[in-house]
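So you can see what is in the structure, the chains are spelled out below.
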Amino acid sequence: MSLQPAVSNTDHISGNSNAEFTIVEYGDYQCPYCGAAYPVLKQLIKEFGDQIKFVFRNFPLSEMHQYALPAALAAEAAALQGKFWEMHDAIYENQESLNDLFLFKLAEKINLDLEKFKTDIQKPELSDKIDADFESGVMSGVNGTPSFFINGKKFNGGAEDLLKLLNE
């Protein structure tokens, strides 16, 4: 399976935008496997940051994870204040504490304008962005989280395997 649509400026991108490798993760903020992959991905970005472009796309499994969608909305609302990655990291680093109120505590912790955050989190375009990410995942053959793509091709392995691959 290949990635649909290709990575664009509507995506959240970290690392080197002209890198040799583009890694896309479809993730759910409440998924324990995504939580376990998070420190490995941080290490990967630290070690190979100049060689990779890392992209995160939302794939909240809302039926199983009550706070997956609220967390995704919080990250997207933070993005409107230029702090997507700060919120993304804060959520994964405090995954076991997730609830609606806690997301506001994280917003405060990363110094977001809380009034703006409260308004932004309700904007329909944030839900639309998450839905678009989710749809792109479905079209790309994502059937669970985390799912990874390297240079547009589905990668059948976890974060540890990605790290091994790049080390080789």
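Model, not experiment: these values are computed from the prediction.

A count of helices and strands for the protein chain gives seven helices and five strands. Its helices and strands taken in sequence order, the protein chain reads β-β-α-β-α-α-α-α-α-β-β-α from the N to the C terminus. Against the 2.2 N^0.38 benchmark of 15 Å for 168 residues, the protein chain shows a C-alpha radius of gyration of 15 Å, consistent with a compact globule. The dimensions of the protein chain, computed from C-alpha atoms along their principal axes, are 45 × 30 × 30 Å.

This brings us to the pairing of strand β2 (residues 21-27). Most of β2 sits inside the fold, with six of its seven residues counted as buried. Judged from the seven bridges that link them, β2 and strand β3 (residues 52-58) form a sheet pairing that is parallel. For Glu25, the partnering residue across the bridge sits in β3 and is Phe56. The handedness of the β2 to β3 crossover, carried by helix α1 (residues 32-48), is right-handed.

A word on the side chain of Ser136. Considering the arrangement of structural elements, one finds Ser136 in helix α6 (residues 124-139). Polar contacts involving the side chain of Ser136 include one to the side chain of Tyr26, which spans 2.7 Å. One polar contact links the side chain of Ser136 to the main-chain carbonyl oxygen of Asp133, over a distance of 2.8 Å. Contacts of Ser136, omitting those with residues within four sequence positions, involve Gln4, Pro5, Tyr26 and Arg57.

In this section: the environment of Tyr33. Here Tyr33 lies in helix α1. We classify Tyr33 as exposed; its relative accessible area is 60%. Sequence-wise, Tyr33 and Ala6 are 27 residues apart; in three dimensions their C-alpha atoms are separated by 25 Å. Beyond its immediate chain neighbours, meaning those up to four positions away, Tyr33 contacts Thr145 and Pro146.

What the rule picks out here adds up to eleven aromatic pairs. For the ring pair Phe104 and Phe117, a centre distance of 5.3 Å and an interplane angle of 85° mean the geometry is edge-to-face. You can see Phe104 sitting in helix α4 (residues 100-109) and its partner Phe117 sitting in helix α5 (residues 114-120), a full 13 residues away along the chain. Given the relative accessible area of 27%, Phe104 is considered partly exposed. Chaining the aromatic ring pairs together yields one cluster made of Tyr29, Tyr38, Phe54, Phe56, Phe84, Trp85 and Tyr92. In this arrangement the basic side chain of Lys154 is found over the ring face of Phe149, its NZ or CZ atom lying 5.8 Å from the centre.

Calculation rules
Residues numbered from 1 in each chain as written. Predicted model: local features only at pLDDT ≥ 70, side-chain atom pairs only at ≥ 80, totals over all residues. Heavy atoms only, no water. Helix = DSSP H or I, 4+ residues; strand = E, 2+ residues; numbered from the N terminus. Rg over C-alpha atoms; globule rule 2.2 N^0.38 Å. Buried < 20%, exposed > 50% of the residue type's maximum accessible area, 1.4 Å probe, protein only. Pairing = 2+ DSSP bridges. Right-handed = clockwise from strand over helix to strand, strands pointing away. Polar contact = N/O pair within 3.5 Å; in protein donor to acceptor, adjacent residues only side chain to side chain. Contact = heavy atoms within 4.5 Å. Phe/Tyr/Trp six-rings, centres within 6.5 Å; stacked < 30°, edge-to-face > 60°. Lys NZ or Arg CZ within 6 Å of the ring centre and 35° of its normal.

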